[in-house]
Amino acid sequence: MMSRLDVVNQKSNRTKNQIIHILEQLTSDYQTTKSERQEITAKFPASDDEFSVLEELELLTVNIRGYASQIQVKGEIENQQQAVENLTHLAVFDIPAVAQFYFGSNGEYQGMKAYLEMLDYLRLLILEYLNLSTMSGR
């Protein structure tokens, strides 16, 4: 019979594999949204007090994919508690410029919107993975 720890470790490994898969998918999706990103840059410029949608997106991408890469390479994230706090605050749709873009551009930029959704999903998977690794005592 499998122990609770075995179950947690199996789920942790599945989650890690999902993270790696989505990380690769995002890399390829980012390339294919180049023309959309150029249009978005022109249509949604930065205001004086906040970053543009694409600047916010770049920050999110670097942070979230950075954590995912650490999991891919090392199977863990250094300074895990800090990572959990950061990832909790990086909710993609809580960022005003991103939410305004996402909910305000009807039917346009489907590639970028799918990218944002997948990026946020990756963020949630990383949080789940960190939670599981805490449970397994890693």
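To be clear, the structure that these remarks concern was listed above.
Residues numbered from 1 in each chain as written. Predicted model: local features only at pLDDT ≥ 70, side-chain atom pairs only at ≥ 80, totals over all residues. Heavy atoms only, no water.

A. Layout of the packing of helix 1 (residues 4-32) against helix 6 (residues 110-135). At a minimum axis distance of 9 Å, the contact between helix 1 and helix 6 shows a crossing angle of 155°. Taken together, the axis directions place helix 1 and helix 6 in an arrangement best described as roughly antiparallel. For the crossing formed where helix 1 meets helix 6, the hand is left-handed. The residue inventory of the contact of helix 1 with helix 6, partitioned by class, reads 16 nonpolar, four polar and five charged. (Axes fitted to C-alpha atoms, helices over the stretch in contact; angles between N-to-C directions. Helix = DSSP H or I, 4+ residues; strand = E, 2+ residues; numbered from the N terminus. Parallel < 35°, antiparallel > 145°, perpendicular 65-115°, else oblique. Left-handed = near helix turned anticlockwise from the far one by under 90°. Nonpolar A, V, L, I, M, F, W, Y, C, P; charged D, E, K, R; others polar.)

B. Local environment of the nonpolar core. Grouped together as the largest cluster of nonpolar side chains are 35 residues, with contacts concentrated most on I19, L60, I64, L87, F101, L122 and I126. Residue assignment for this core shows that the elements contributing at least two residues are helix 1, helix 3 (53-74), helix 4 (80-89), helix 5 (96-104) and helix 6. Not counting residues up to four positions away in its chain, the partners in contact with L87 are I64, Y67, R123, I126, L127 and L130. (Core = buried A, V, L, I, M, F, W, Y, C linked by side-chain atoms within 4.5 Å. Buried < 20%, exposed > 50% of the residue type's maximum accessible area, 1.4 Å probe, protein only. Contact = heavy atoms within 4.5 Å.)

C. The arrangement of the packing of helix 2 (residues 34-43) against helix 6 in detail. Taken N-terminus to C-terminus, the directions of helix 2 and helix 6 make an angle of 95°; their axes are 8 Å apart at the nearest point. Compared by their axis directions, helix 2 and helix 6 come out roughly perpendicular. Residues E36, R37 and I40 of helix 2 form the contact with helix 6, whose participating residues are Q110, G111 and M112. Here the contact of helix 2 with helix 6 is built from residues that sort into two nonpolar, two polar and two charged.

D. Examining the layout of surface pockets more closely. Taken as a whole, the largest pocket encloses approximately 160 Å³ of empty space. No other element matches the three residues that helix 5 contributes to the lining of the largest pocket. The class makeup of the residues in the lining of the largest pocket is seven nonpolar, three polar and one charged. (1 Å grid on protein atoms, 1.4 Å probe; cavity = no way out; pocket = protein on both sides within 12 Å on 5 of 7 lines; lining within 4 Å. Points joined across faces, edges and corners; volume = space filled by probe spheres on them.)

E. Main features of helix 3. End to end, helix 3 covers 31 Å across 22 residues, agreeing with the expected 32 Å (1.5 Å per residue, within 8%). Within the span of helix 3, buried status applies to V53, L54, E56, L57, L60, T61, I64, R65, Y67, A68 and I71. Projection of helix 3 onto a plane perpendicular to its axis shows the buried side chains occupying an angular sector of 160°, all on one side. In helix 3, the exposed positions angled more than 90 degrees off the buried face are occupied by V62 and V73. Residues of helix 3 that are buried make contact with helix 1, helix 2, helix 4, helix 5 and helix 6. (Expected span 1.5 Å × (residues − 1). Arc of directions from axis to C-beta.)

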